[in-house]
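# Architecture and fold: a report
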Amino acid sequence: MHKSWNELKIECLKCTQCPLSETRNNVVFGIGNEKAEVLLIGEGPGENEDLQGEPFVGKAGQLLDKMLNYIDLDRKKNIYIANIVKCRPPKNRDPFPEEQEACIPWLRNQTLLIRPKIIVCLGRIAAMKIIKPDIKITKDHGTLYNKNGFLFIPILHPAAILRNPSSELDALKDFLKLKEKIKQICNSTY
Ligand code: URA
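Quick look at the structure, then.

Definitions and cut-offs
Residues numbered from 1 in each chain as written. Predicted model: local features only at pLDDT ≥ 70, side-chain atom pairs only at ≥ 80, totals over all residues. Heavy atoms only, no water. Helix = DSSP H or I, 4+ residues; strand = E, 2+ residues; numbered from the N terminus. Buried < 20%, exposed > 50% of the residue type's maximum accessible area, 1.4 Å probe, protein only. Areas by Shrake-Rupley, 256 points an atom, 1.4 Å probe, with all protein chains shown as cover. Lys, Arg positive; Asp, Glu negative; His and termini not counted. Charge placed at Lys NZ, Arg CZ, Asp CG, Glu CD. Near = heavy atom within 4 Å. Polar contact = N/O pair within 3.5 Å; in protein donor to acceptor, adjacent residues only side chain to side chain. Nonpolar A, V, L, I, M, F, W, Y, C, P; charged D, E, K, R; others polar. Pairing = 2+ DSSP bridges. Axes fitted to C-alpha atoms, helices over the stretch in contact; angles between N-to-C directions. Parallel < 35°, antiparallel > 145°, perpendicular 65-115°, else oblique. Left-handed = near helix turned anticlockwise from the far one by under 90°. Contact = heavy atoms within 4.5 Å. Salt bridge = Lys/Arg side-chain N within 4 Å of Asp/Glu carboxyl O.

## Comments concerning the overall build of the protein
Within the protein, the secondary structure is distributed over nine helices and six strands. Overall size of the protein, expressed as C-alpha extent along the three principal axes, is 40 × 35 × 30 Å. Out of the 190 residues belonging to the protein, those deemed buried represent 51%. Here the protein displays about 9,800 Å² of accessible surface, and carbon together with sulfur accounts for 51% of that area. Averaging the coordinates of the 29 positive side-chain charges in the protein and doing the same for the 23 negative ones gives two points 3 Å apart.

And the structure:
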């Protein structure tokens, strides 16, 4: 059911739909402009995010902010950032399919409220869950997909770029492509 932001956030912060709720410190609900035309979706909180209750605040988050700034996007101004799962998987393992299924209604409701024009999937897990299960992020990153009235673009996960710094250039090219698309179809982002 479609809830208001207040109602949604209050309920989400109390969620016990999956076992990740038992080990979390904080539900990482999401951050940014609730009227953004661009929504970024990551995989799930890591240690720093779990402690601070905000997505992408660790090393990968700092790299993400740098790449976002490169194309004049800012989590405090013109985008919204959320994750597939809102509670940290222990030892940062991939979230299990059933945890993703249990959590995704919160993200769906957020998406309905934001009504973004473009959805950026950061990394393999988000791209597989949101765009298509057989997506190959190393090959398909930077490709635009139209689905259900939204435009989707998968981009390499900043943590993957930290593990393989030579891929940063690929990600920056994808961000430039995103910028061009924003200029074409968004009215209030820039
Ligand atoms: N990685 C993610 O996918 N999301 C975060 O919020 C932090 C790291």
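From this point on, the discussion continues.
## Describing the site of the ligand
Neighbouring the ligand are Gly42, Glu43, Gly44, Glu49, Pro55, Phe56, Asn83 and His157. The backbone of glutamate 43 places a nitrogen or oxygen atom 2.7 Å from an oxygen atom of the ligand. In the model, an oxygen atom of the ligand is placed 2.8 Å from a nitrogen or oxygen of the histidine 157 side chain. Look at the ligand: alone it shows 240 Å² of surface, and the protein chains cover 91% of it. Taken together, the residues of the shell around the ligand sort by class into two nonpolar, four polar and two charged.

## A word on the sheet that holds strand 5 (residues 145–147)
Strand order in the open sheet formed by six strands is 1-3-2-4-6-5, and the pairing between neighbours is mixed. One side of each edge strand has no neighbouring strand; the edge strands of this open sheet are strand 1 (31–32) and strand 5. Bridge analysis of strand 2 (residues 38–42) against strand 3 (residues 80–83) gives four bridges, and the strand direction is parallel. The residue bridging leucine 40 from the neighbouring strand is isoleucine 81, located in strand 3.

## Focus: the packing of helix 4 (residues 59–70) against helix 9 (residues 168–185)
Direction vectors running N to C along helix 4 and helix 9 enclose 45°, while the axes themselves pass 9 Å from each other. The orientation of helix 4 with respect to helix 9, classified from their angle, is oblique. Considering only the axes of helix 4 and helix 9, their crossing is right-handed. Of the residues in helix 9, those in contact with Leu63, Leu64, Lys66, Met67, Leu68 and Tyr70 of helix 4 are Glu168, Ala171, Leu172, Phe175 and Leu176. Of the residues assigned to the contact of helix 4 with helix 9, the class counts are nine nonpolar, no polar and two charged.

## Here we look at the packing of helix 1 (residues 5–12) against helix 5 (residues 97–114)
For the pair helix 1 and helix 5, interaxial distance at closest approach is 11 Å and the crossing angle is 165°. Relative to helix 5, the element helix 1 lies roughly antiparallel. Remark: the crossing between helix 1 and helix 5 carries left-handed chirality. In contact with Trp5, Leu8, Glu11 and Cys12 of helix 1, helix 5 contributes Trp106, Asn109, Gln110, Leu113 and Ile114. A class-by-class count of the residues in the contact of helix 1 with helix 5 yields six nonpolar, two polar and one charged.

## Some details on the pairing of strand 2
Burial runs high along strand 2: five of the five residues are buried. As judged from the four bridges shared by strand 2 and strand 4 (residues 118–122), these two strands associate in the parallel manner. Among the inter-strand pairings, isoleucine 41 is bridged to a residue of strand 4, identified as cysteine 121.

## Quick word on the pattern of salt bridges
For side chains of opposite charge, pairing can occur when their charged atoms come near one another. For the coordinates displayed, the defined rule picks out 12 salt bridges. Glutamate 168 is the salt-bridge partner of lysine 66, the closest N and O atoms lying 2.9 Å from each other. Remark: glutamate 168 occurs in helix 9 and lysine 66 occurs in helix 4; sequence separation between them is 102 residues. One continuous salt-bridge network, built from bridges that share partners, spans Glu54, Asp65 and Arg75.

Read these as layout, nothing more, since geometry by itself doesn't imply function.
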